[in-house]
Amino acid sequence: MAKRWVNDLTHADVTPRNTYLNRRQLMAGFAGAGVASMLGGRLQAAPELEPNTWEYITQYNNFYEFGTGKGDPGKNAHVLTTDPWTVTIDGMVDRPGDYAMGDIKEKMTIEERLYRFRCVEAWSMVVPWNGFELKDLLDMAGVKEGAKYVAFETLYRPEEMFGQKYPVLDWPYVEGLRLDEAMHPLTIMATGIYGRDIPKQNGAPMRLVVPWKYGFKSIKSIVKITLTDKEPATSWNKSNPREYGFYSNVNPTVDHPRWSQATERRLGANLFAKREETLMFNGYEKEVASLYEGMDLSKHF
Ligand SMILES: Nc1nc2c(c(=O)[nH]1)N[C@H]1C(S)=C(S)[C@@H](COP(=O)(O)O)O[C@H]1N2
Ligand SMILES: [Mo]
């Protein structure tokens, strides 16, 4: 099964060192996840939303704090201490402070959201998240007039996140959204998958999910949320601005400089299934296109 993964494109190939790490770790690979899906596979990938298996969702991950191989986070993330967990909300808010994760969960309404998930590397899956709307959390803190963006930060704890000992990215991982994107009802903070607590490799105890954007926008294990009037720096943009923009909306008509974004490989699909066509805004065009009216999306990629 590892073989199929070797063929996946990777946005990690930003330096020769990364290329080396990826090759090595992909070879070590992960065995097992593909078998059940092959046996149960249908001849054609279905267009309707069918969630991926728990195994795929939790064993094929990108979480570079725990290694750059797809199987690494599933093997390594168990060492992360997620309780206690504090989320700092600051910047342009009425009620800045350090919020205990338990208190946040108690106040928020947890729902299930079945979303497509499309990585910039051109693979995709469908995930039954549990979580709450980011808007509700921001409303709790009270967004001040004049705030235009939301910046997010992942935990920095190299003793547990061994990947942070290597300069693969400029740690901690940071991301950002425009305020209207953050307030959109499709934007959630995920705290669970398949009705269970979200596994550490998927970003416990709380990670962002923005289903119409490439997966790297969906930052994991968040400890800080800052409301600001300036466009925040984002990790992959800092690492390679030519290839990764601030917006990173899924768009089949704007290719990555090194590969096409017109199609995608649905994880867990039958081995012989055709690649699927990538949908504008990952299939959420009706809901989110109005956010980008009048913008040149090939310029604001
Ligand atoms: N902190 C942090 N968040 C991250 C990443 C990461 O390396 N570190 N990888 C991103 C990428 S590239 C993708 S595709 C998704 C993967 O989420 P999943 O492993 O839950 O499928 O997480 C995103 N969030
Ligand atoms: Mo990704």
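Throughout, a residue's number is its position along its own chain's written sequence, starting from 1. Key to labels: chains lettered from A, ligands numbered from 1, both in the order written. For this predicted model, a pLDDT threshold of at least 70 governs which residues receive local features, and a threshold of 80 or more governs which side-chain atom pairs are given and counted, while totals over whole chains, interfaces and linings are taken from all residues. Side-chain measures were taken over the full set of non-hydrogen atoms in the model, leaving aside hydrogen atoms and water.

(A) Spatial organisation of the overall build of the protein chain. Strands here are runs of E lasting at least two residues and helices are runs of H or I lasting at least four, both read from the DSSP assignment and numbered beginning at the N terminus. When you go through the protein chain residue by residue, the secondary structure sums to 10 helices and 12 strands. Going through the 301 residues of the protein chain one by one, you find that 56% of them count as buried. Between two residues, a contact is recorded if the distance between any of their heavy atoms is within 4.5 Å. Taking the intrachain contacts of the protein chain between residues at least 6 apart in sequence as the baseline, contacts between residues at least 24 apart amount to 72%. When the accessible surface of the protein chain is totalled, it reaches about 13300 Å², and 53% of it is carbon and sulfur. Relative accessibility under 20% of the residue-type maximum defines a buried residue, over 50% an exposed one, and the middle range a partly exposed one, all with a 1.4 Å probe and only protein chains included. Under the convention used here, a 1.4 Å probe and the Shrake-Rupley method define accessible areas, while residue burial counts only the protein chains that appear.

(B) Structural view of the pattern of salt bridges. In the sections that follow, a salt bridge refers to a side-chain nitrogen of Lys or Arg positioned within 4 Å of a carboxyl oxygen of Asp or Glu. Per the counting criterion, the structure on display carries 15 salt bridges. Note that arginine 157 and glutamate 160 form a salt bridge whose closest N and O atoms lie 2.9 Å from each other. For arginine 157, a relative accessible area of 22% translates into the label partly exposed. Where salt bridges share partners, they join Glu111, Arg113 and Glu133 into one cluster.

(C) A look at the confidence of the model for the protein chain. Chain-level pLDDT for the protein chain is 89 on average; 85% of the residues reach the 70-or-more range. Each residue carries a pLDDT score, the predictor's confidence in it, ranging from 0 to 100. Segment residues 14–46: pLDDT under 50, and 44 contacts once partners within four positions in sequence are set aside and those in other chains are kept.

(D) The arrangement of the pairing of strand S3 (residues 111–118) in detail. A pair of strands is considered paired only if DSSP assigns at least 2 bridges between the two. Where S3 and strand S4 (residues 123–133) come together, eight bridges link them in antiparallel fashion. Bridge assignment links arginine 113 to a residue of S4, and that residue is tryptophan 129. Hairpin connection between S3 and S4: a loop of four residues separates the two successive antiparallel strands, and alanine 122 in this loop has a positive phi of roughly 80°.

(E) Looking closely at the site of ligand 1. Being near a molecule or strand, for a residue, means having at least one of its heavy atoms within 4 Å of it. Around ligand 1 there are 18 residues in total, and Asn61, Tyr64, Glu65, Thr154 and Lys220 lie nearest to it. Polar contact is the term for a pair of N or O atoms within 3.5 Å; when the atoms are in protein, one must be able to donate a hydrogen and the other to accept it, and sequence-neighboring residues count only if both atoms are side-chain atoms. Asparagine 61 has a polar side-chain atom sitting 2.8 Å from an oxygen atom of ligand 1. Its free accessible area being 530 Å², ligand 1 has 99% of it covered by the protein chains.

(F) A look at the pairing of strand S6 (residues 174–178). Extensive coverage of S6 is indicated by the burial of five of its five residues. Neither face of S6 is open: one carries Val174, Gly176 and Arg178, the other Glu175 and Leu177, and all of them are buried. By the bridge criterion, five bridges tie strand S5 (residues 149–154) to S6 in an arrangement that is antiparallel. Within S6, the residue paired with valine 150 across the bridge is leucine 177.

(G) Structural context of the side chain of lysine 217. Note on placement: lysine 217 falls in the loop between strand S9 (207–209) and strand S10 (222–228). What makes lysine 217 buried here is its relative accessible area of 1%. A distance of 2.7 Å separates the side chain of lysine 217 from the side chain of glutamate 175, its partner in a polar contact. Looking at lysine 217, its side chain comes within polar contact range of the main-chain oxygen of glycine 176, at 2.9 Å. Aside from chain neighbours lying at most four places away, what touches lysine 217 is Glu175, Gly176, Leu177, Leu208, Thr234, Phe246, Tyr247 and Ser248.

(H) Quick look at the environment of aspartate 170. Following the sequence through the fold, aspartate 170 ends up in the loop between S5 and S6. Note: C-alpha distance between aspartate 170 and lysine 238 (68 residues apart in sequence) is 8.0 Å. Apart from the residues lying within four places of it in its own chain, the contact partners of aspartate 170 are Ser235 and Lys238. Only 3.2 Å separates the side chain of aspartate 170 from the side chain of lysine 238, close enough to count as a polar contact.

(I) Highlighting the side chain of serine 124. The residue serine 124 is located in strand S4 in this model. A polar atom in the side chain of serine 124 sits 3.2 Å from the side chain of arginine 266. The contact partners of serine 124, leaving out residues within four places of it in the chain, are Phe117, Arg118, Glu264, Arg265, Arg266 and Leu267.

(J) Local environment of the sheet that holds S5. Spatially, the five strands line up as an open sheet ordered S2-S1-S10-S5-S6, and their pairing is mixed. The open sheet has two edge strands with one neighbour each: strand S2 (97–100) and S6. Between one strand axis and the next, the sheet turns by 20° as a mean value, whatever way the strands run. Contacts from helix H7 (residues 134–141) reach strand S1 (86–91), S2, S5, S6 and S10 within the one sheet, and its direction differs from that of S10 by about 70°. Axis definition: a line fitted to C-alpha atoms, over the contacting stretch in the case of helices. Angles run 0 to 180 degrees between N-to-C directions.

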